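# Understanding the architecture of this molecule
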Amino acid sequence: MQARLESSATAAGVGVRAAVGCGATRVWEVGGSEGAWILMVQGEAIGDNARIDRVASRGVVTVSEDTWRRLGADRRGAPIDAGAYQVADVAPVQAAPLVMPVAEEHGPAIDASLPPVVRHQLRASALMPAAEFRPVSTCFASLPDLDVHDDATLARLTEAVSALQEELSRLGTPQLEVLGAKGIGLIGVFGLPPQATDDAAVRAIAAALALRSIFAARGFAASVGVATGVMWAGPAGAPGRFCYDVVGSVSILAARLMQAAREEVLVCAQTRRLAARSVDFVDLPPLQLKGFATPQPVSRPVGRHVTRARAVRLAGRQAELGRVASRLDALREGRGGVVLFEAEPGMGKSVMLQAARELAAVRGALVFDGGADAIEVETPYHAVRGAILDLLGIPAGASVSRARELALERLRMDVPELAWLAPLLDAIVPLDVPESAECAQIVGTTRAERLGDLVVGLARAAIARVPVVWSIEDLHWADRASWSLCLRLVEEVDGLLLIGTTRPVPAPAPERELLLLAGASEVIVLE
């Protein structure tokens, strides 16, 4: 190993050090979501190794005192600080080659354990992914007080990691385990193929906040750091034993932020800048972090926010706004339908939608606002959630108990015959309404249909009082459940006008085409 360290350092122009510890360890598997199990190790050997690593030098092998004794009489080396030894030579060891027989039935388990970037590439071409420099956001999390000493703690940890796997899968990231002197940590990397997106920083922050919440709910403290920048990503290792790795100073910054977080989430300046339109932050005093010459700007994310345009004054879009005004005039006569603003990013879709909302309000219509999100494309009803909160009269930030009180009051007033279906609304907004035996028997697609009955009934009751505009931003990211519900509203509720924005897409969703066929529809292309 000594010779290999020296030769690799010379060839690559980098310094490599090796630290060896020994002692009793505990090994277990946690997670298991979609068949992906994570191997975790804890015990004396890990702490011993981390302690020696702090005094190890580049280009040499350093071992603990206990390891030194176990090497036998043929060892050569010298003691250094903190009870560690620098090894020069040991007796030759004859080791049989590692043989790992793989049977066909092992295939699904192996496939589940691969990072998505490797799995996708192997399925596509049976070739390893290319090495490249690419912008990513990386999330480092530490569980400093974790001590798995009984079956109950292990069960809670497994449950927490499984929930985290599901959340990371939704957000789009591979997950790796890491070992540290003060506990176990987890890493998530956003921006790798095939799940690369232009909102990697937002996804990394969402993952960090979710991770902290998931583990806190199960009694585990977590400190998280998030950093963004360009890193090297690609296969690394010897022939026949490759791994997919991501390397760069960005991961060092994320790790240092994690160490400074103290059971919070801290992000770097670049992450904050890229996520500022979607996340609220509290800016903190700069921190002097190990390995960085100057204090680093840091912020603490406090949650996602929905960005809506302020009151606008349009210039050069009077013709398009005139078309909207005509549809609002028809709405006052009970004729609804669909209006979509279609354009590439940056062409003013959001401004036009805000202008349409203001015009509708001036003309006496009630506007219910929703919006889709690239992160939530698999979350049922996310795109219509805001509009349904408006429909129920629930203000943003209301507690669960207050939301439940307002929702039940609206149901009793507007659709008393359907009020018993209130528990179904939990699929859209948490209300914690206990299910009756009759309601619990509604399952599968029937449950979605009855939820649709409830929303359609509420919309009809609202329209009986005042014209209604159903506003949905970024429909190109809408989830299927939201598309289906919008389709039912347009088909079944006379006097409802749906106004939305969308990007042009090569293959429009079938739901969009059905929506445009369902009622008097108009696509306004912004150029």
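Above: the structure in question.
In what follows, the accompanying structure is described.

Reading the values: the criteria
Residues numbered from 1 in each chain as written. Predicted model: local features only at pLDDT ≥ 70, side-chain atom pairs only at ≥ 80, totals over all residues. Heavy atoms only, no water. Core = buried A, V, L, I, M, F, W, Y, C linked by side-chain atoms within 4.5 Å. Buried < 20%, exposed > 50% of the residue type's maximum accessible area, 1.4 Å probe, protein only. Helix = DSSP H or I, 4+ residues; strand = E, 2+ residues; numbered from the N terminus. Contact = heavy atoms within 4.5 Å. Pairing = 2+ DSSP bridges. Axes fitted to C-alpha atoms, helices over the stretch in contact; angles between N-to-C directions. Expected span 1.5 Å × (residues − 1). Parallel < 35°, antiparallel > 145°, perpendicular 65-115°, else oblique. Left-handed = near helix turned anticlockwise from the far one by under 90°. Nonpolar A, V, L, I, M, F, W, Y, C, P; charged D, E, K, R; others polar. Salt bridge = Lys/Arg side-chain N within 4 Å of Asp/Glu carboxyl O. Phe/Tyr/Trp six-rings, centres within 6.5 Å; stacked < 30°, edge-to-face > 60°. Right-handed = clockwise from strand over helix to strand, strands pointing away. Polar contact = N/O pair within 3.5 Å; in protein donor to acceptor, adjacent residues only side chain to side chain.

## Brief notes about the nonpolar core
Counting 53 residues, the largest nonpolar core has Trp470, Leu496 and Leu498 as its most contacted members. No other element matches helix α15 (residues 444-463), which puts eight residues into this core. Ignoring any residue separated from it by four or fewer positions in sequence, one finds Leu496 in contact with Leu331, Gly336, Gly337, Ala459, Ile463, Val468, Trp470 and Leu489.

## Observations regarding the environment of Gln165
Relative to the elements of secondary structure, Gln165 occurs in helix α6 (residues 151-171). Sequence separation of Gln165 and Trp37 is 128 residues, and the distance between their C-alpha atoms is 9.7 Å.

## So, the sheet that holds strand β4 (residues 61-63)
Pairing is mixed in the open sheet, where four strands are placed in the order β1-β4-β6-β5. On the outer flanks of this sheet lie β1 (18-20) and β5 (76-79), each paired with one strand and no other. On average, each strand axis in the sheet is tilted by 30° relative to the strand beside it, whichever way the strands run. Seen against the sheet, helix α2 (residues 44-53) touches β1 and β4 and runs at an angle of roughly 140° to β1.

## Comments concerning the sheet that holds strand β19 (residues 521-525)
Taken in spatial order, the five strands make up an open sheet running β16-β17-β18-β15-β19, and their pairing is parallel. A strand with exactly one partner marks an edge of an open sheet, and here the two such strands are β16 (366-371) and β19. Strand-to-strand twist in this sheet, taken as the mean axis angle between neighbours without regard to direction, amounts to 15°. Examined bridge by bridge, β16 and strand β17 (residues 468-473) share six bridges and lie parallel to one another.

## Focus on the environment of Ala481
As for its position among the elements, Ala481 is in helix α16 (residues 480-492). Assessed through its relative accessible area of 22%, Ala481 is described here as partly exposed. Between the C-alpha atom of Ala481 and that of Glu511, which follows or precedes it by 30 residues, the distance is 9.9 Å.

## With respect to helix α10 (residues 318-332)
Three or four residues apart is the spacing at which side chains of an α-helix point the same way, because the helix has 3.6 residues per turn. In a regular helix each residue adds 1.5 Å, so 15 residues correspond to 21 Å; α10 covers 21 Å between its end C-alpha atoms and thus fits that length. Regarding α10, the residues found buried are Glu320, Leu321, Val324, Ala325, Arg327, Leu328, Ala330 and Leu331. Where α10 ends, the next residue or the one after it, Gly334, has phi of about 90°, a positive value.

## What about unusual backbone geometry?
One non-glycine residue with positive phi stands out, namely Tyr381, at about 70°. Secondary-structure assignment places Tyr381 in the loop between β16 and α12 (382-392). With a phi angle near 55°, Asp432 is a residue other than glycine that sits in the positive phi range. Note on placement: Asp432 falls in the loop between α13 (400-414) and α14 (437-440). Look at Asp432 and you get exposed, because its relative accessible area is 52%.

## Quick look at the packing of α15 against α16
Orientation of α15 relative to α16, taken along the N-to-C sense of each, is 45°, at an axis distance of 10 Å. Of the possible angle classes, the one that applies to α15 and α16 is oblique. For the pair α15 and α16, the sense of crossing is right-handed. Contacts between α15 and α16 involve Glu449, Gly452, Asp453, Val455, Val456, Ala459 and Arg460 on the former and, on the latter, Leu485, Arg488, Leu489 and Glu492. Class assignment of the residues belonging to the contact of α15 with α16 gives a composition of five nonpolar, one polar and five charged.

## Quick notes on the pattern of salt bridges
Enumeration over the complete set of coordinates arrives at 22 salt bridges. Across the salt bridge formed by Asp66 and Arg70, the nearest N and O atoms sit 3.3 Å from each other. Within this pair, Asp66 and its partner Arg70 are both found in helix α3 (residues 65-70), separated by four residues, close to a single helical turn. A residue is classified by how much of its surface remains accessible, and Asp66, at 24% relative accessible area, is partly exposed.

## Comments concerning the packing of aromatic side chains
Under the definition given, this model contains three aromatic pairs. Seen from their ring centres, Trp68 and Tyr85 are 4.6 Å apart, and the 5° between their planes marks the pair as stacked. Taken as a pair, Trp68 in helix α3 and Tyr85 in strand β6 (residues 85-89) lie far apart in primary sequence, 17 residues in all. Of the two residues examined, Trp68 and Tyr85, each falls in the buried class.

## Some thoughts on the pairing of strand β7 (residues 132-143)
Consecutive side chains along a regular strand alternate between the two faces of the sheet. Extensive coverage of β7 is indicated by the burial of nine of its 12 residues. Sheet topology places β7 next to strand β10 (residues 223-238); 11 bridges connect them, and they run antiparallel. Opposite Arg134, over in β10, you have Met231 as the bridge partner.

## With respect to α15
The end-to-end C-alpha distance of α15, which contains 20 residues, comes to 30 Å, matching closely the 28 Å that a straight helix rising 1.5 Å per residue would cover. Listed in full, the buried residues belonging to α15 are Leu451, Gly452, Leu454, Val455, Val456, Gly457, Leu458, Ala459, Ala461, Ala462 and Ile463. On its buried face, α15 is in contact with β16, α12, α13, β17, α16 and β18 (496-502).

## Details of the pairing of β17
In terms of residue burial, β17 counts as a mostly covered element, since six of its six residues are buried. Alternating residues of β17 divide into Val468, Trp470 and Ile472 and Val469, Ser471 and Glu473, and every residue in both groups is buried. Strand direction decides the pairing type here: β17 and β18, joined by five bridges, are parallel. Bridge assignment links Val469 to a residue of β18, and that residue is Leu497. Considered for its hand, the β-α-β crossover made up of β17, α16 and β18 is right-handed.

## Looking at the side chain of Asp414
You can see Asp414 is positioned in helix α13. Take Asp414: its relative accessible area is 14%, and that puts it in the buried class. Within the structure, the side chain of Asp414 is placed 3.0 Å from the side chain of Arg465, a separation counted as a polar contact. Contact partners of Asp414, with chain neighbours within four places excluded, come to Leu458, Ala461 and Arg465.

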